[in-house]
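# Survey of secondary and tertiary structure
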Amino acid sequence: MEGISTLENCFDTDWVCSSNEAVKIRFVRPLSETDNEHDETKVKEFTPEFTYPIFGDKEQIFGYKNLSIKLYYASGSLTTYFDVTYDKKAPLADNAVERIKEFIPNDFITNYDTFLQTIKSDSENFRPMGEKFSEYRLNDDDDRATFVTPRFKEFHRRLQIFVLFYIEAGSYIDEDDDKWEIALIFEKKTVGDSKVYSIVGYCTMYMYYFLTGTGNSNENHTNAHNKPPLHLSINQGGQIRDNIRVRISQFLILPHYQREGHGNKFYQALYQSFLADPRIKEITVEDSSDRFQEIRDKNDIRFLRENRALEDLKAPVDKNVFNELQKKYKLNKRQMARCIEIELLRNLNKTDPVAYKAYRLQVKQRLYLWNEDILRQLDRAERIQKLEETFKGLEEDYYSIILQL
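This is a predicted model, so every value here is computed, not measured.

Secondary structure assignment for the chain yields 14 helices and 14 strands. Expressed as a percentage of its 405 residues, the buried residues of the chain come to 51%. In the chain, the share of contacts with a sequence separation of at least 24, taken over all contacts with a separation of at least 6, comes to 72%. For the chain, the exposed area adds up to about 21000 Å²; of that, 47% sits on carbon and sulfur atoms.

Our focus in this paragraph is the UniProt feature "site: Interaction with histone H4 N-terminus" (unreviewed entry) in the chain. In the UniProt entry, the feature "site: Interaction with histone H4 N-terminus" (unreviewed entry) is given for Trp180. As for its placement among the helices and strands, tryptophan 180 is situated in strand S11 (residues 180-191).

This next bit is on helix H6 (residues 152-159). If you check which residues of H6 are buried, you get Phe152, Phe155, His156, Arg158 and Leu159. When H6 is viewed along its axis, its buried side chains cluster within an angular range of 160 degrees and face the same direction.

Negative charge collects at one region of the surface, where Asp290, Glu294, Glu396 and Asp397 lie side by side. Broken down by secondary-structure element, the contributors of at least two residues to the negative patch are helix H9 (290-306) and helix H14 (380-402). Overall, aspartate 290 belongs to the exposed group, its relative accessible area being 72%.

Moving on, we get to the packing of aromatic side chains. A full pass over the atoms with the stated rule returns 29 aromatic pairs. Here phenylalanine 103 and tyrosine 172 contribute two aromatic rings whose centre-to-centre distance is 6.1 Å and whose plane-to-plane angle is 75 degrees, an arrangement assigned as edge-to-face. Of this pair, phenylalanine 103 sits in the loop between helix H4 (96-101) and helix H5 (112-125) while tyrosine 172 sits in the loop between helix H7 (161-166) and S11, placing them 69 residues apart in sequence. According to the relative accessible area criterion, phenylalanine 103 is buried, its value standing at 18%. Site record: aromatic cluster; members linked through ring pairs are Phe251, Phe266, Tyr267, Tyr271, Phe292, Phe303 and Tyr329. Here the guanidinium or amino end of arginine 144 rests over the ring plane of phenylalanine 133, the centre of that ring lying 5.5 Å away. Between the NZ or CZ atom of lysine 364 and the centre of the ring of phenylalanine 391, over which it lies, the distance is 5.7 Å.

The next point concerns the packing of H9 against helix H11 (residues 333-347). To describe two helices that pack against each other, one gives the angle between their axes and the distance between the axes. Axis separation between H9 and H11 bottoms out at 10 Å; the angle between their running directions is 70 degrees. The orientation of H9 with respect to H11, classified from their angle, is roughly perpendicular. As H9 runs across H11, the sense of the crossing is right-handed. Residues Gln293, Arg296, Asp297, Asp300, Ile301, Leu304 and Arg305 of H9 form the contact with H11, whose participating residues are Arg334, Gln335, Met336, Arg338, Cys339, Ile342, Glu343 and Arg346.

Glancing now at H9. Taking 1.5 Å as the rise per residue, H9 with 17 residues should run 24 Å; its terminal C-alpha atoms sit 24 Å apart, in good agreement. The secondary structure elements touched by the buried residues of H9 are strand S13 (244-253), helix H8 (262-276), strand S14 (280-285), helix H10 (319-329), H11 and H14. With its phi angle positive at about 55 degrees, arginine 308 sits one or two positions after the end of H9.

About the thresholds
Residues numbered from 1 in each chain as written. Predicted model: local features only at pLDDT ≥ 70, side-chain atom pairs only at ≥ 80, totals over all residues. Heavy atoms only, no water. Helix = DSSP H or I, 4+ residues; strand = E, 2+ residues; numbered from the N terminus. Buried < 20%, exposed > 50% of the residue type's maximum accessible area, 1.4 Å probe, protein only. Contact = heavy atoms within 4.5 Å. Areas by Shrake-Rupley, 256 points an atom, 1.4 Å probe, with all protein chains shown as cover. UniProt positions renumbered as here; feature names shortened; annotations may be inferred. Arc of directions from axis to C-beta. Patch = residues over 30% accessible without salt bridge, like charges linked within 9 Å, V, L, I, M, F, W, Y side chains within 5 Å. Salt bridge = Lys/Arg side-chain N within 4 Å of Asp/Glu carboxyl O. Lys, Arg positive; Asp, Glu negative; His and termini not counted. Charge placed at Lys NZ, Arg CZ, Asp CG, Glu CD. Phe/Tyr/Trp six-rings, centres within 6.5 Å; stacked < 30°, edge-to-face > 60°. Lys NZ or Arg CZ within 6 Å of the ring centre and 35° of its normal. Axes fitted to C-alpha atoms, helices over the stretch in contact; angles between N-to-C directions. Parallel < 35°, antiparallel > 145°, perpendicular 65-115°, else oblique. Left-handed = near helix turned anticlockwise from the far one by under 90°. Expected span 1.5 Å × (residues − 1).

This is the structure we're talking about:
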């Protein structure tokens, strides 16, 4: 009977907590030369946006009172301090410790004093891995690495859990597939006589083979586990040497560095590196979130305008002109079309019925071709209505981008 009573108590709301609120994240770095002083990012603690890959769709943990799951990270090496505390635990409680341990490497530290000693060691010894490919005015370094880069595989195993925490439907990538490349941002600060590096964010990229004639790549139709379709990849188990279609898979700025301009700077650095790499023929994005699509639109259009690529364009844009722009700036067809459509709308006189009709027809033609399989199932009247609704929604999105340019 006692077991039954305990089980009933576990279903009381007092014994149920949100896993998003229970997980506490901190990034810790040295504050000064004094051994026992540490900057815990202004003592700010972060919680994940998502934990359903770990704790299930309801994002709840049963059987604890005042549960706290601490994941503290050395800001550079991401050496991990892991601790779980609670006031009370029921015998039938979820095993929160084992759930988390499935998703983090087993080299975590459970003694906080030992963890703080690691923070000090980081300031003296940790340096970013990979090859530096950019540096921008916020004093952050960008590096590129693969899973054969020394020290990177271990580092990535600590880093990847943030994909689950902050990217909806995010999942781990296959570290045995050497066609993955990862770009990292590190903040560099001087503490005493040392250069201290702190991870700011990262981006995973998959290097497909660029098949001639496949420029109409559909960014939003990929499988759920970041695995490339076999018919679009070559040299299974080996690096692709040239003719690359790079697909940005995961793009993340860690929460304590968000809203400081790092996302824009990081994307700009990546795009410039892609343009400068003669192996890369096209840039695509996997299942772009609204936030990333906004970053991408703004920065692509700004770059195209700075290079006067979109000057004097009018709808309908000649197909040859479109293809030349796409080839030169390495944007896939959908993104090139979005940039052109946004710029055309910015310069459009909507009181000119002829010009506005030409613009609508160009956009709707693209939307129809993009969604042809679905639209062909509708009768003509429904098809026209659906296209008009989609066009109006897209036009509203474009205006919101224009206001930020």
